[in-house]
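Structural characterization, general
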Amino acid sequence: MLKINNFTVNSMSEGCVTDELPRFSFSLESNHENVVLKQAILTIDDWVTETTDQIEIPYTGPTLLPFTEYTVQLKVTDNYGEVAEKELSFETGKMSESFKAKWITFGDYQFKEKKVSPKPIYFRRKFSCDKKVKKAHLYSTALGIYEAKLNDNKIGLDYFAPGFTSYRNYLQYQTYDITEDIQAENELQFVVAGGWAVGAFTYARRNRVYAKRQALLSELHLEYEDGSKEVIGTDSSWQVTMDGNMLEAEFYNGEIFDATVNMQKSRWSDASLENVKIKPQILAQYGLPVRAQEEFQPISHFKSKSGVWIYDFGQNFAGIISAKINGKLDQKITIKHAEILMDGELFTEPLRTAKQEIVYICKEGEQNYSPSLTYMGFRYIGIRGIEPENIQITAKALYSDMKEIGDFECSNAQLNQLQSNIKWGAKSNFVDVPTDCPQRDERMPWTGDIALFGRTAAYNFNTRRFFDKWLLDVKAEQNPGGGIPVTVPLVRVPTQGEIMFPMAVDHWGDACILVPWAEYLARGDVGILRNMYPTMKKYVKACEFWAKLFSVGKRRRIWLLWHHYGDWVAPEGGLWTWMSRGRFTGTASLANTSRLLSQIASILGESEDAAYYRKVSEETSDAYQSILLDKDGRIKGKKEFQTGYVLPLYYEMLKDKTKKQTAGHLARIVRENNHHIGTGFPGTPYILFALADNGYVKDAYKMLLKDTSPSWLFEIKAGATTIWERWDALREDGTSNTGANDGTNGMVSFNHYAAGAVGDFMYRRIAGIESITGGYKTFKIDPIIGGGLTYAKAEVETAFGKIQSLWKIEGNQFVISVQVPVNSTCYLHMPSGVIEELGSGEYCFTEHKEEEKDEF
């Protein structure tokens, strides 16, 4: 039986409101083998299109009207003649229609303090509905972050709307259907905090970056049963106050909330129209909203020596607490948050200037409270001001509403915990933008982290809308010379040293290529490559420029200038050691990005570009080999380091003999280092590939399974539930490396996803699932057996359906079961070298396995 699964419009199966032309995708399921899609018919009103595509099929019909619901009908037929049908709905937003409402603010508020966030501003509008309401939709945005309520009930499920974008260029608005909540008499209320646009942000605590104070823009569209319509938009008839319950709200410091305040008795005044200086394009939300996800109960609590009640939630994550309180009038409760404990107390030194603190002032009796305009990175909380019998505390994770689509497990419990840590590292840092960490005074969208983690992220989650939103900002923020800022959206930090380097920065700027490439391989939409193609070309041109500057001959392909993070946070050395390796990481980066750009150009039919970038990659690879390595493939004139060998091996830069020699040198220094990891950011995702793919499978597994510091599994042994920023964030003796003496300004985080990019090796080599063409239209399953593992299982929901690989060692038999989606082709590689070509269906194969000495 043929069945349609996962039918989406603009990557959403429900609730889509769009100002863009819709694009449709679907996957299929069948109980037959070798099923192929023969025909798909999409219909919207009078528009009908016939196709055999399944990914991002564009709407090409008549102009869509604003504020209109459309139903899409899909009918598919397979090669067995079976038919399936499904439909979904979407709505258009404003489309090209501008807001009729006006930006409003509290005109008397002059916010001039530095390094702090503004006080939250409350807005309200009372209105009556004398007629029966057929439809009520609220369209809202802000400079700052907002929460909306109707008749004292929260509207929607979102946190931190309108989200973080390149505000000079783009601003999202949200759409909420509040039809069922409208009463005869109503009060619509907003509270707007500083957020990213106005509040203190970056480690330099810059504020008022995009606006001098908060502002609100909103329209309530009412349609009545009698056919009449009404729009209630923000204007000077709204009221405003700063005497609300929320006294402070900031990402770094937290919230101060006074429950004794009666908002009806607050001093309300007329709102002022705001002259907003920036003029972004205001679009219906195109990213994923931040939502409350998993809920945690404390697994233990105790009173510390300092008198604080410590609660342990058993998982490090980004989120907020929820409290049921039996309080006394004016009772003050303080809740601090931390990732780890030291000597039985909250360890807050890594937070630097961030307080991560909730202060709640009670009213009398039973009451509930949960922060709404901040979040924390924590596993532990410390409570003062109330005894445990008078408070019930839970916590909930907050992150972008990504669907979890991939998983991995095996016979090694520590690797299974590592997979959990990888996922929680991503969840904790995918809070509207891909941040570096969720706790200290940073939480910034660094490009280097996501550049290297992109493939791991795209396997575990459907990141399409998350990446689409962020890449739009990458395009917007690209500087005139072609460089990509190291944080996007860009917030300059002139007082702390400019972080928007006007030049290109290797591996950080590579995000403009590596992220869309990862998304293309995972989801298969050529459109994301085409949209980013001009940005990619401009970036590689900038990389070429900085490599050529003041250079001659082959050295014009050695990228030495100007700024490199190099082998960032490698276990050995500090800031200057890492950055001194920049000519290696930079040159390898240029070889890799130009190689990938050549492939992308071929996919897009840009044959001349493909040839040019292939030549750039070949010349850069030759320069690396002849200038940075000696004739024996060894690093020349410098102490050997793992990343210097990993990158040219994984990036396919070396010729046969040199490749073999260099792989040997890598294996040698890995063994000399007792199989401890020695790479920084650029080399970490690829070191196991560089070993295993070049004949050193046992060394790759020994490094993966190493459980003394520095290693992935030492973190597991130390009790980590997320990925650490530094390999030695905790040392073997239990002390923490806070980076106080290595030039990084006290930089240590216990929730930093970048090193979790090792997940890519687990999925593509241990389980063996690897896309050959975009979206896994064709893919291979080619597991590498080793490490004493007796089974491994992985599955991923692709653009075409679910792929599964499950292999087991049963005595002297290798047994593998695979699942292939409809309309896909799998090439299954057996240990003997036999390759099976498989169409859709479920299969099981067995092969005799020669016994090997188990070194694990």
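Residues numbered from 1 in each chain as written. Predicted model: local features only at pLDDT ≥ 70, side-chain atom pairs only at ≥ 80, totals over all residues. Heavy atoms only, no water.

**Regarding the overall build of the protein**
Which entries qualify depends on this criterion: Helix and strand definitions here come from DSSP, where helices need a minimum of 4 consecutive H or I residues and strands a minimum of 2 consecutive E residues; each element is numbered from the N-terminal end. The globule rule used for comparison is 2.2 Å times the number of residues to the exponent 0.38, while the radius of gyration itself is calculated over C-alpha atoms. A simple rule labels every residue: compare its accessible area, found with a 1.4 Å probe on the protein chains alone, to the largest value its type can have, and call it buried under 20%, exposed over 50%, or partly exposed in between. Pairs of residues are marked as contacts when any of their non-hydrogen atoms sit within 4.5 Å. Each accessible area is a Shrake-Rupley result for a 1.4 Å probe, and residues are judged covered by the shown protein chains and nothing else. Here the positive residues are Lys and Arg and the negative ones are Asp and Glu; neither His nor the chain ends is included. By convention, charge coordinates are those of NZ in Lys, CZ in Arg, CG in Asp, or CD in Glu.
A tally of helices and strands in the protein yields 14 helices and 44 strands. Against the compact-globule benchmark of 29 Å for 856 residues, the protein has a radius of gyration of 28 Å, which places it among compact chains. Seen through its principal axes, the protein has C-alpha atoms that stretch 80 × 70 × 60 Å. Here the protein holds 856 residues, and 63% of them are scored as buried. Counting only contacts in the protein whose residues sit at least 6 apart along the sequence, the fraction spanning at least 24 positions is 73%. Of the roughly 32,400 Å² of accessible surface on the protein, 47% is carried by carbon and sulfur atoms. Positive and negative charge centroids in the protein, built from 97 and 110 side chains respectively, lie 6 Å apart.

**A word on the packing of aromatic side chains**
Here is the rule we go by: Working definition: a ring pair exists when centres of Phe, Tyr or Trp rings (six-membered ring for Trp) sit within 6.5 Å. Plane angles under 30 degrees give stacked, over 60 give edge-to-face, the rest tilted.
On inspection of all chains with the given rule, the structure shows 55 aromatic pairs. Ring geometry for F164 against Y167: centres 5.8 Å apart, planes inclined by 40 degrees, an arrangement best described as tilted. By relative accessible area, which is 1% here, Y167 ends up buried. For the ring pair F201 and Y252, a centre distance of 6.3 Å and an interplane angle of 15 degrees mean the geometry is stacked. Here Y252 lies in the loop between β19 (246–250) and β20 (254–258) and F201 lies in the loop between β15 (185–193) and β16 (215–224), a separation of 51 residues in the sequence. Grouping residues by exposure puts F201 and Y252 together as buried. One aromatic cluster is present, formed by Y159, F160, F164, Y167, W196, F201, Y210, F251, Y252 and Y375 through successive ring pairs.

**Looking at the state of the cysteines**
How we decide: Disulfides are defined as pairs of cysteine sulfur atoms found within 2.5 Å of each other.
Enumeration according to the criterion identifies zero disulfides in this entry. The thiol sulfur of C826 is not disulfide-bonded, and the nearest other cysteine sulfur, from C844, lies at 13 Å.

**Re the pairing of strand β1 (residues 3–9)**
Put simply, side chains in a regular strand alternate between the two faces of the sheet. For the record, the criterion: When DSSP finds two or more bridges between a pair of strands, those strands are recorded as paired.
When you tally the buried positions in β1, you get five out of seven residues, the bulk of the element. Pairing between β1 and strand β3 (residues 23–29): five bridges, direction antiparallel. Counted as the bridge partner of I4 is L28 from β3.

**A few points about the sheet that holds β15**
Taken together, the six strands give an open sheet; going across it, the order is β13-β12-β15-β10-β18-β21, and neighbouring strands pair in antiparallel fashion. Bordering the open sheet on either side are β13 (153–154) and β21 (269–270), each of which pairs with just one other strand. Where strand β10 (residues 121–128) meets strand β18 (residues 239–241), three bridges bridge the pair, whose relative direction is antiparallel. Residue pairing in the sheet places F123 in a bridge with V240 of β18.

**Observations regarding the nonpolar core**
To keep things clear, this is the line we draw: In these notes, a set of buried Ala, Val, Leu, Ile, Met, Phe, Trp, Tyr and Cys residues joined through side-chain atoms within 4.5 Å is what counts as a nonpolar core.
The biggest cluster of nonpolar side chains holds 246 residues, and the ones touching the most others in it are F160, L222, I383, I393, L418, W712 and I766. Broken down by element, the residue count for this core peaks at eleven residues, all from helix α5 (residues 526–548). Filtering out sequence-adjacent residues up to four positions away, I383 remains in contact with V308, W309, Y311, I333, T334, I335, I391 and I393.

**Topic: the packing of helix α4 (residues 511–523) against α5**
The geometry of a pair of packed helices is captured by two quantities: the angle between their axes and the separation between those axes. Formally: An axis is simply a line fitted to the C-alpha atoms; with a helix, the fit covers only the stretch in contact. Between two such axes, the angle follows the N-to-C directions and lies from 0 to 180 degrees. In this scheme, roughly parallel covers angles under 35 degrees and roughly antiparallel covers those over 145, while 65 to 115 is roughly perpendicular and the rest are oblique. The hand of a helix crossing depends on one turn: near helix anticlockwise from the far one by less than a right angle means left-handed, and clockwise means right-handed.
Running from N to C, α4 and α5 cross one another at 160 degrees; their axes reach a closest spacing of 9 Å. As the angle between them shows, α4 and α5 are arranged roughly antiparallel. Once α4 is placed against α5, the crossing between them reads as left-handed. Counting all contacts with α4, which are made through C512, I513, P516, W517, E519 and Y520, the residues of α5 involved are V526, I528, L529, M532, T535, M536, Y539 and V540.

**A look at the confidence of the model for the protein**
Should pLDDT be low for a region, the predicted coordinates there are not to be read in detail. For the record, the criterion: A residue's pLDDT is simply how confident the predictor is in it, with values from 0 to 100.
Confidence along the protein averages 96 in pLDDT terms, with 98% of residues attaining 70 or more. A low-confidence stretch, residues 495–500 (pLDDT under 50), is modelled with 16 contacts involving residues beyond four sequence positions or located in other chains.

**Here we look at empty space enclosed by the protein**
We count it as follows: Within this scheme a cavity is a closed region of a 1 Å grid, computed over the protein atoms alone, that accommodates a 1.4 Å probe without allowing it to escape, whereas a pocket is open but has protein on both sides within 12 Å along at least five of seven lines; lining residues each have an atom within 4 Å of a point. Grid points are joined across faces, edges and corners, and a volume is the space filled by probe spheres set on the points. Ten residue types, Ala, Val, Leu, Ile, Met, Phe, Trp, Tyr, Cys and Pro, are classed as nonpolar, four, Asp, Glu, Lys and Arg, as charged, and the remainder, Gly among them, as polar.
Scanning all chains against the criterion turns up seven cavities of 30 Å³ or more. In this model, the largest cavity occupies a volume close to 110 Å³. Of all the elements in the fold, those that place two or more residues in the lining of the largest cavity are α2 (447–460), α4, α14 (759–766) and β37 (769–771). Each residue belonging to the lining of the largest cavity can be placed in one class, and the counts come to eight nonpolar, one polar and four charged. Here the second largest cavity is characterised by a volume of approximately 90 Å³. Residue lining of the second largest cavity: 15 residues in total, with V569, F681, T684, E725 and A755 positioned closest to the centre. Split into classes, the residues belonging to the lining of the second largest cavity amount to nine nonpolar, four polar and two charged.

**Considering the pattern of salt bridges**
Quick reminder of the rule: Only one rule defines a salt bridge in this text: a Lys or Arg side-chain nitrogen within 4 Å of an Asp or Glu carboxyl oxygen.
Under the counting rule described, the total for this entry stands at 50 salt bridges. The residue R440 makes a salt bridge to E725 at a minimum N-O spacing of 2.9 Å. With R440 in the loop between β36 (433–434) and α2 and E725 in the loop between α13 (712–717) and α14, this residue pair connects regions lying 285 residues apart in the sequence. A salt bridge links K639 to E572; the shortest N-O distance between them is 2.5 Å. Here K639 is found in the loop between α8 (607–628) and α9 (642–650), whereas its partner E572 is found in the loop between α5 and α6 (575–580), with 67 residues between them in sequence. We classify E572 as partly exposed; its relative accessible area is 33%. If you follow the salt bridges from partner to partner, you end up with R352, D436, R440, D441, E442 and E725 in one network.

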